[in-house]
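Next come the chains, spelled out residue by residue.
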Amino acid sequence: MIAPSQRFTKIPPYLFGEIAAAKRKAIAEGKDLIDLGIGDPDQPTPAPIIEALTRAAHDPQTHRYDETNAGWTPFLEAVSTWAKRRFGISIDPLTEAMLLIGSKEGLSHLAWSYIDPGDISLVPDPAYTVYKVNTLMAGGECHIMPCLEENGFLPDLTAIPTDVAKKAKLLWLNYPNNPTGAIAPIEFYRDAVAFAKEYNLLLVNDAAYAEVYYDDYRPVSVLEVEGAKDVSIELHSLSKMFNMTGWRIGFAIGNAEAVGTLNRLKSNLDSKQFPAISLAAAHALLELDNQPTLDLYKKRRDILCDGLTALGWNVTKPKAALYVWTRVPEGYNAMSFAKKLLEEAGVLVIPGIGYGQYGENYIRMSLTVMGDKNGELLTEAVRRIGAMAL
Ligand SMILES: Cc1ncc(COP(=O)(O)O)c(C=O)c1O
């Protein structure tokens, strides 16, 4: 067999491999596993969205290629209406919005649209791995921005060396954050936009969790900052917003030139999404919220965080996103503690090192727990962790 491309060798080894193997072993041994690993909504897509899909799928117009410029028109109009209602921002559906086949696809292709060999991406750590991997695959280099607990898991933009900032092309941000559950105040986005303007960067804000929030908190958009549209593109996803991960639909909004650039690449790569899915997504954006699911996540978050706090752990309740990110006890690192939880408590978590070197002493626990109806599996996870000798 011929060898894959040189760039293919830049893909780092799969860091979750060891845990996946341990999970297979535990299941084979008949262990009763509580899986706090995956961040994939366990609740079904709300019924009205499925009904909207059924209606749309009966329309033969949706059975053909989507030949629009950047996405089925009612979908992009719904995106614009939603952005106005949700963030108070004006988005031209014709030039400042485009459909994505999930935000992961859009994030990956943004790297491919902008990064030449030797170009620099400013990448947070810990982070969703897609920003880094696709920069590397495109031949670029990553300048790591540590996101430390003492800074609320926000990167310190002033710590980026001037020569690096001058050479960089993309500034990647993600709030509400995976894996830390951190949020970004509008002041941070103001600084980030000013930084992007000063150094002529494209600010890419991954807002996949913008609609997963708790209590009175509502995540903000970078596009709420005055002038942000000059330098920013923001990616949203229906995946976590409406329990639609398998449907593969998201959107990008913001700078028209960046939207056009990404769309030019994509129009040579894919033929958009099944229009019936676009119509169902438009219905969701215009008519629905996902409050029952958010209420369940909140309940699970409180059971997990209050339970671990009662055990003496130092746990911060996330205001948004799906994750509880917490330091491992003295004497462990991310991997050794994740293994211990799996082997001794039958609780699967993700070792923070999987998200970068600054995740070395952390684990991530997800609030999407398959099989949990009303928090009972989280209660049981806390009980088992409490029974474990540290
Ligand atoms: C931070 C972040 N961004 C983007 C995505 C991709 O979501 P999707 O491609 O389903 O829109 C995920 C998925 O877990 C994520 O955690």
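No experiment lies behind these values; they were computed from the predicted model shown. Every residue gets a number counted from 1 within its own chain, in the order that chain's sequence is written. Reporting of local features is limited, given that this is a predicted model, to residues whose pLDDT is at least 70; pairs of side-chain atoms are given and counted only at 80 or more, and all residues count toward the totals for whole chains, interfaces and linings.

**Things to note about the overall build of the chain**
Okay, so step 1: The secondary structure content of the chain amounts to 13 helices and twelve strands.
Okay, so step 2: Taking 390 residues into account, the globule formula puts the C-alpha radius of gyration at 21 Å, and the chain, at 21 Å, falls close to it.
Okay, so step 3: C-alpha extents for the chain along the principal axes are approximately 60 × 55 × 55 Å.
Okay, so step 4: Exposure criterion: with C-beta atoms placed from backbone coordinates, a residue whose C-beta has 20 or more other C-beta atoms within 10 Å is buried, one with 12 or fewer is exposed, and one in between is partly exposed. In the chain, buried positions account for 49% of the 390 residues.
Okay, so step 5: Partitioning the intrachain contacts of the chain with sequence separation of at least 6 by distance along the chain shows that 73% fall at a separation of at least 24. Numbering of helices and strands runs from the N terminus, with a helix taken as a DSSP run of H or I at least four residues long and a strand as a DSSP run of E at least two residues long. The quantity called the radius of gyration is restricted to C-alpha atoms. Its globule counterpart is 2.2 Å times the number of residues to the power 0.38. Any residue pair is listed as a contact if its two C-beta atoms, each placed from the backbone, are within 7 Å.

**Some points on the environment of Leu223**
Okay, so step 1: Along the chain, Leu223 turns up in the loop between strand S6 (202-206) and strand S7 (232-237).
Okay, so step 2: Taking C-alpha positions, Leu223 is 35 Å from Asp306, a pair spaced 83 residues apart along the chain.
Okay, so step 3: In this structure, Leu223 is in contact with Phe87, Ile89, Ala228, Lys229, Ser232, Glu234, Ile253 and Gly254, ignoring residues within four places of it in sequence.

**Looking at helix H9 (residues 256-267)**
One turn of an α-helix holds 3.6 residues; hence residues three or four places apart share an orientation.
Okay, so step 1: Helices are assigned an expected span. That span is 1.5 Å times one less than the residue count. The terminal C-alpha atoms of H9, which comprises twelve residues, lie 16 Å apart, in line with the 16 Å expected from a rise of 1.5 Å per residue.
Okay, so step 2: Where H9 is concerned, the buried positions are Ala258, Val259, Leu262, Asn263 and Lys266. One side of H9 holds all its buried residues, which, seen down the axis, span an arc of 130 degrees.
Okay, so step 3: In the core, the buried residues of H9 are packed alongside strand S2 (97-100), helix H4 (103-114), S6, S7 and strand S8 (250-254). Arc, as used here, means the arc of the directions from the helix axis to the C-beta atoms.

**Section: the sheet that holds strand S12 (residues 362-366)**
Okay, so step 1: Strand order in the open sheet made by the three strands is S9-S12-S11, with antiparallel pairing throughout. Here the strands that pair on one side only, and so sit at the sheet edges, are strand S9 (323-327) and strand S11 (350-351). Pairing between two strands is assigned when DSSP locates at least 2 bridges connecting them.

**Brief notes about the packing of helix H3 (residues 73-87) against helix H10 (residues 275-287)**
Okay, so step 1: It is at 8 Å that the axes of H3 and H10 come closest, and there the two elements cross at 20 degrees. What the angle tells us is that H3 and H10 run roughly parallel. Here the hand of the crossing between H3 and H10 comes out left-handed. Here H3 contributes Pro74, Phe75, Ala78, Val79, Thr81 and Trp82 to the contact with H10, which in turn contributes Ser278, Leu279, Ala281, Ala282, Leu285 and Leu286.
Okay, so step 2: Considering only residue class, the contact of H3 with H10 consists of ten nonpolar, two polar and no charged. The axes are straight lines fitted to the C-alpha atoms, using for helices just the contacting stretch, and the angles between their N-to-C directions are given from 0 to 180°. Small angles under 35 degrees read as roughly parallel and large ones over 145 as roughly antiparallel, with 65 to 115 read as roughly perpendicular and the rest as oblique. What makes a crossing left-handed is the near helix being turned counterclockwise from the far one by less than a right angle; a clockwise turn instead makes it right-handed. We call Asp, Glu, Lys and Arg charged. Ala, Val, Leu, Ile, Met, Phe, Trp, Tyr, Cys and Pro are nonpolar, and the rest, Gly among them, are polar.

**Observations concerning the nonpolar core**
Okay, so step 1: Among buried residues, those of type Ala, Val, Leu, Ile, Met, Phe, Trp, Tyr and Cys that are joined through C-beta atoms within 7 Å form a set called a nonpolar core. Counting residues in hydrophobic clusters, the biggest one holds 127 residues, and the most contacted among them are Val79, Leu170, Leu171, Leu203, Ala280 and Val347.
Okay, so step 2: Examining the composition of this core, we find that eight residues originate from one element, H10, more than from any other.
Okay, so step 3: Where each domain begins and ends is defined by an automated method or by a domain database. Shared between two domains, this core takes at least three residues from each, and those domains are domain 1 (6-44 + 291-387) and domain 2 (47-287).

**Here we look at the domain arrangement of the chain**
Where interface size is given, it is often the accessible area lost as the parts come together that is meant.
Okay, so step 1: Split into domains, the chain comes out as domain 1 (6-44 + 291-387) and domain 2 (47-287).
Okay, so step 2: Domain 1 and domain 2 are separated by 26 Å when their C-alpha centres are compared.
Okay, so step 3: Across the contact, 29 residues belong to domain 1 and 28 residues belong to domain 2.
Okay, so step 4: Every element with two or more residues in the side of domain 1 that touches domain 2 is listed here: helix H11 (291-310) and S9.
Okay, so step 5: Among the residues making up the side of domain 1 that touches domain 2, the classes are represented as 15 nonpolar, seven polar and seven charged.

**Concerning the site of the ligand**
Okay, so step 1: Close to the ligand lie 13 residues; Gly102, Ser103, Lys104, Ser237 and Ser239 are nearest.
Okay, so step 2: Of the residues that constitute the shell around the ligand, the class distribution is two nonpolar, nine polar and two charged. Each residue receives a C-beta atom placed from its backbone. It is near a molecule or strand if this atom lies within 6 Å of it.

**With respect to the sheet that holds S2**
Okay, so step 1: What the seven strands build is an open sheet, ordered S2-S8-S7-S6-S5-S3-S4; its pairing is mixed. Edge positions in the sheet fall to S2 and strand S4 (141-146), since each of these pairs with one other strand and no more. Taking each pair of neighbouring strands and ignoring which way they run, the sheet shows an average axis angle of 25 degrees.
Okay, so step 2: Note that S2 and S8 share four bridges and pair antiparallel. Bridged to Ala97 within S8 is Ile253.
Okay, so step 3: Where H4 meets the sheet, its contacts fall on S2, strand S3 (120-125), strand S5 (168-174), S6, S7 and S8, and the angle it forms with S7 comes to roughly 155 degrees.

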